[in-house]
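Structural characterization, general
In case you want the letters, here they are:
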Amino acid sequence: MEKELDLQLLEKGMLFRNMTDEEILQTVAAMCPRRVRYPRRTVVAQDGDLFPEIGIILSGSLHLAHIDSNGNNNLLYVLQAGDTVGELNAVGRYRLHLSIATEEPTEILYLCVDQLLRKNVLTAPTQIRFLQNLTLAVAQEGQYLTRKLEDSTRRSMRERLQDYLSAQYHKAGSRTFVIPLNRQDLADFLFVDRSALSNELCKMRDEGLLRFDRSRFELLVEMRITENEPDPNDE
């Protein structure tokens, strides 16, 4: 690698949990690592592409979206530094069914998991620990997609919006926070019309549920907070 890895960043993710610094470095080295820097608003991969490696975002952010037959942009993921991308595609060798683009200058560390899935290139305990973590990461991905599908098919716009803002509250640990999406991106993420979303936000503001200024929100006491569902695999 051309420069040292931020091991603290890697340790925060599921892939390298419960691994020592030495084990992390050995595992990364065994997966033909490569780092790629992308400018702002660059397409990393498109619908239909193969995505044979897992990507770990070292800096910047990614938007993963699906554009339907009517040209609607459905934003599925907003990923930031420390997040991973492409687990399902790299493990299962599936083609992408969405497009991946940067929102700002972004650097990604790519790892070829085939080296560990189909070849014995590490000592057994280290390889087993990583593959256990990879299994849990894929399970998390499946759980997220299941909940995203449920939200998009069963819930009203207000319920989707409330759940999203509640999740941001839990993440920030404060009723005042800044979301990583502009109004159009938020509408795409919730699968709703932008004008309808703006109208709903204004209604919630007028009802005394919240205050907002662009991407900055404050949830007032009257705003019900959706309970945070803990991940059973977090330690």
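What counts and what doesn't
Residues numbered from 1 in each chain as written. Predicted model: local features only at pLDDT ≥ 70, side-chain atom pairs only at ≥ 80, totals over all residues. Heavy atoms only, no water. Pairing = 2+ DSSP bridges. Helix = DSSP H or I, 4+ residues; strand = E, 2+ residues; numbered from the N terminus. Axes fitted to C-alpha atoms, helices over the stretch in contact; angles between N-to-C directions. Contact = heavy atoms within 4.5 Å. Phe/Tyr/Trp six-rings, centres within 6.5 Å; stacked < 30°, edge-to-face > 60°. Buried < 20%, exposed > 50% of the residue type's maximum accessible area, 1.4 Å probe, protein only. Lys NZ or Arg CZ within 6 Å of the ring centre and 35° of its normal.

This part takes up the sheet that holds strand β9 (residues 176-178). With antiparallel pairing, the 3 strands of this open sheet are ordered in space as β9-β11-β10. Looking along the sheet, the strands with just one partner apiece sit at the ends: β9 and β10 (210-213). Sheet twist, expressed as the average angle between the axes of neighbouring strands with direction ignored, equals 15 degrees. Looking at chain direction, β9 and strand β11 (residues 216-219) are connected through 3 bridges and run antiparallel. Across the sheet, the residue bridging to Val178 is Arg216, located in β11. Sitting on the sheet, helix α8 (residues 194-206) is in contact with β10 and β11, with an inclination near 130 degrees to β10.

Glancing now at the packing of aromatic side chains. Throughout the structure, instances matching the rule amount to 6 aromatic pairs. Judged by centre distance (6.2 Å) and plane angle (65 degrees), the ring pair of Phe51 and Tyr110 falls under edge-to-face. Of this pair, Phe51 sits in the loop between β2 (43-45) and β3 (54-59) while Tyr110 sits in strand β8 (residues 106-111); the two residues are 59 residues apart in sequence, bridging distant segments of the chain. Here Phe51 and Tyr110 have matching classes, each one buried. Ring plane angle 20 degrees and centroid distance 6.4 Å describe the contact between Phe177 and Phe217, whose orientation is recorded as stacked. Residue Phe177 is located in strand β9, and its partner Phe217 is located in strand β11; the two are separated by 40 residues in the primary sequence. Of the two residues examined, Phe177 and Phe217, each falls in the buried class. By the ring-pair criterion, three or more aromatic residues cluster together here, those being Phe177, Phe212 and Phe217. The aromatic ring of Tyr110 is capped on one face by Arg34, whose charged end is 4.5 Å from the ring centroid. The ring of Tyr169 carries the charged tip of Arg175 above its face, separated from the ring centre by 5.9 Å.

All quantities given are derived from atomic positions and should not be read as evidence of function.
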